[in-house]
Amino acid sequence: MARIELLDLNDDVLRIIFTHIPNIMNVALTCRRIHDLAIECIIAVVWIRTTERLRRLCNYALSPPRYRAVYIEELSVWTKTHEDREANDRAQDADALLGKLLVKAQNLRSIEINRFAGVMKKSSLARKALGTMSYLTEATLLDINEASLSVLPSMKHLRTMTLYFEGSPKVEALVTALAACPSLLKLTLKAKPSLGLPPKCSHVPSSSITSLQDLTLYWCSSRTLELVHVCPNLSSLTIEGMDRAKGAELKVIEQFPPKLRRIYIPQLPYFYLVERSCAPGALQFLHLGDHWSHESIIYLGNEEDHSVRVTRQVLALIRGTSPVGLRICLHAPLQPDSFWATLAATAPRLRFLDITISLRSESPDIPDASWTELLLDSLRNLPLVCLKLYLPNIQTDMRHLTYDIWADRALSSNPDVARKLYQQRQEEITAKVVVHRNAVAHAMLAHMEDLPERLANDLPNLKYLAFGSEAQAIMMQNPRTASGIMAPSCVYNWYKAVAEGEKKRMVAIPPKEGEKVWETLKDGDLSVVENIQ
């Protein structure tokens, strides 16, 4: 067989090879032919930060006879590009340069434009170019206003769109523009919190955004929730935050689209928006709260009126939606709690659960293994097929390690000496807290060694388990930097239950395989979840 040299390959094959080479700049220096092909890969992703860089890019990408702008696939134009015109001694305006670049960059797949309204107002070339791009499927448009919404209908091939508004947009104009985007599947709306009331909606929008399937609202007004009513094919809704301006009317969603299957509410203060409007038996996945937000944690066993009210409202929401999957964060006591029995009766269709349980003890002692029995008793009545369980370090009462560091401030009349004594006592307290926290983590690790096996045998329907704990992360940290705050990213070990006679054992599986199973559960219906292998 004859030996094949690199340059014997055709250009299409070489382009594919170059996309897998991390340092493509070195390859571009080898010879003229490879340089020309490698440059296509280098210029595929462009970030523009200044007018000078935009000018240099245009000089390079728009030079005849080879218009290299056709090789640009991802383009990001940052705000500074349109704010440094005084430093630009060139006659050409940044918006005009961008318009000329977009005319030739007709193979763009993704684009991000800051100060979008200003660009569309001052550059007719940019407006026309965006309407003729047949490969453009993703767009992030910042500082958009009602006038620039008229550009959106011309971008007919967009599938994913993110819009940033200076304030809350008018619903009628927004719906009219989005309804003319026939390929739009995913929409994210973000708005800066307004100082006053959001604009009122004079009438219910008559248009419908029939193609939209995924909607995310972030800091929009409660009136923007009316978008949900004009998206009949919406399957996923995320509420990241709402503009709660003084005097604003807080509305709930009166009726969900019939095809809605997933609701994500990362911050619990906003679950009230959907608590009265769900059709039982229709929801596939309900996401309530994230572990990194203190506002997203449900406090059980607390006699405060607010905590009891929030817990009841969350249970009412779960009862109203009857989800197949649930994501929830709990701060629970090391004692029986009625929440678990209520949850089993409230969510009869619940089959997969993603839960963070922050256990707390009123005792200063290192917890013994009895907490594992409480955990198993809590989960035993749930017919779970898949369980994602994350356990932060058990919070014990550490008041016995601390004392009033302000009580002896009068020991020295010298402010410098008093300050040094105060800092020294703070360091002593911190050292004691870290030692105690590490001891709790060490004890938890010892108790959790057989927890996956016990979960597999105590939950008869369990097929998959993702298990993680903060204790393991704490013991891997430097003792001086260990903290009691939940880790910002949860690392899970995935297991699959395998039957061995009358018992089951947990077999470790790759995390990618486990996450793939999790995504299948969120997308499938109840029958798919129950029969997953």
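Let me begin by describing the structure that accompanies this report. (Residues numbered from 1 in each chain as written. Predicted model: local features only at pLDDT ≥ 70, side-chain atom pairs only at ≥ 80, totals over all residues. Heavy atoms only, no water.)

Our next topic: the pattern of salt bridges. Under the defined criterion, the tally for this structure stands at 9 salt bridges. Where E373 meets R454, a salt bridge forms, and the shortest distance between an N and an O atom there is 2.3 Å. One end of the pair, E373, is in helix 11 (residues 370–379); the other, R454, is in helix 13 (residues 451–458), and 81 residues separate them in sequence. In this structure E373 comes out as partly exposed when scored by relative accessible area, which is 36%. Looking at R454, the relative accessible area reads 23%, which means it is partly exposed. Residue R505 pairs with E500 through a salt bridge whose shortest N-O separation is 2.2 Å. (Salt bridge = Lys/Arg side-chain N within 4 Å of Asp/Glu carboxyl O. Helix = DSSP H or I, 4+ residues; strand = E, 2+ residues; numbered from the N terminus. Buried < 20%, exposed > 50% of the residue type's maximum accessible area, 1.4 Å probe, protein only.)

Bringing the packing of helix 4 (residues 51–61) against helix 5 (residues 94–104) into the picture now. Between helix 4 and helix 5, the least distance of the axes is 10 Å, while the angle of their chain directions is 30 degrees. Helix 4 and helix 5 meet at a crossing whose hand is left-handed. Of helix 5, the residues touching helix 4 (which contributes T51, L54, R55, L57, C58 and A61) are A94, L97, L98 and L101. Class assignment of the residues belonging to the contact of helix 4 with helix 5 gives a composition of 8 nonpolar, 1 polar and 1 charged. (Axes fitted to C-alpha atoms, helices over the stretch in contact; angles between N-to-C directions. Left-handed = near helix turned anticlockwise from the far one by under 90°. Contact = heavy atoms within 4.5 Å. Nonpolar A, V, L, I, M, F, W, Y, C, P; charged D, E, K, R; others polar.)

Attention now goes to the pairing of strand 17 (residues 503–509). In this sheet, strand 17 lies alongside strand 16 (residues 493–500) in antiparallel orientation, the contact comprising 7 bridges. Within strand 17, the position partnered with W494 by the bridge is I509. The loop that links strand 16 with its antiparallel partner strand 17 comprises 2 residues; one of these, G501, has a positive phi angle of about 70 degrees. (Pairing = 2+ DSSP bridges.)

If you check helix 15 (residues 511–523), its first and last C-alpha atoms are 19 Å apart, about what 13 residues at 1.5 Å a residue would give, namely 18 Å. When we look at burial in helix 15, the residues that qualify are G514, V517, W518, L521 and K522. All buried residues of helix 15 fall inside an arc of 140 degrees around its axis, so they share one side. Exposed residues pointing more than 90 degrees away from the buried face of helix 15 are listed as K512 and K516. (Expected span 1.5 Å × (residues − 1). Arc of directions from axis to C-beta.)

The subject of this paragraph is unusual backbone geometry. Even without glycine at this site, R115 takes up a positive phi of about 50 degrees. Structurally, the position occupied by R115 is in the loop between strand 3 (110–113) and helix 6 (116–122). Judged by relative accessible area, R115 falls into the partly exposed class, the value being 35%. For D143, which is not glycine, the phi torsion reads 55 degrees and is therefore positive. Turning to its location among the elements, D143 is positioned in strand 4 (residues 138–144). Exposure remark for D143: the relative accessible area of 24% places this residue in the partly exposed category.

Quick look at the packing of helix 5 against helix 7 (residues 124–131) now. Viewed as axis vectors pointing N to C, helix 5 and helix 7 meet at an angle of 25 degrees, and their least axial separation amounts to 7 Å. Classified by the angle their axes make, helix 5 and helix 7 are roughly parallel. Here helix 5 runs over helix 7; the crossing is left-handed. When helix 5 is examined against helix 7, the residues G99, K100, L102 and V103 are found in contact with a partner set consisting of L125, A126, A129 and L130. Residues of the contact of helix 5 with helix 7, tallied by class, amount to 6 nonpolar, 1 polar and 1 charged. (Parallel < 35°, antiparallel > 145°, perpendicular 65-115°, else oblique.)

L75, L101 and L387 are the most contacted members of the largest nonpolar core, which has 114 residues in total. Here the element with the most residues in this core is helix 8 (residues 171–179); it accounts for 6 residues. Not counting the four nearest positions on each side in its chain, L75 is found in contact with V46, I48, L98, L101, L102, L108, S110, I111 and E112. Listed in part, the 17 residues of the second largest apolar core include Y264, F285, C386 and V529. (Core = buried A, V, L, I, M, F, W, Y, C linked by side-chain atoms within 4.5 Å.)

Okay, a nonpolar patch on the surface next. On the surface, L6, L7, V13 and I17 cluster together to form a nonpolar patch covering roughly 280 Å² of accessible area. On the basis of relative accessibility, which here comes to 33%, the residue V13 falls in the partly exposed class. (Patch = residues over 30% accessible without salt bridge, like charges linked within 9 Å, V, L, I, M, F, W, Y side chains within 5 Å. Areas by Shrake-Rupley, 256 points an atom, 1.4 Å probe, with all protein chains shown as cover.)

The subject of this paragraph is the environment of E146. Relative to the elements of secondary structure, E146 occurs in the loop between strand 4 and strand 5 (160–165). In sequence terms E146 and L174 are 28 residues apart; their C-alpha atoms lie 7.6 Å from each other. Dropping the residues within four chain positions of it, E146 is found in contact with K170 and A173.

Any functional reading would require information beyond the geometric quantities listed.
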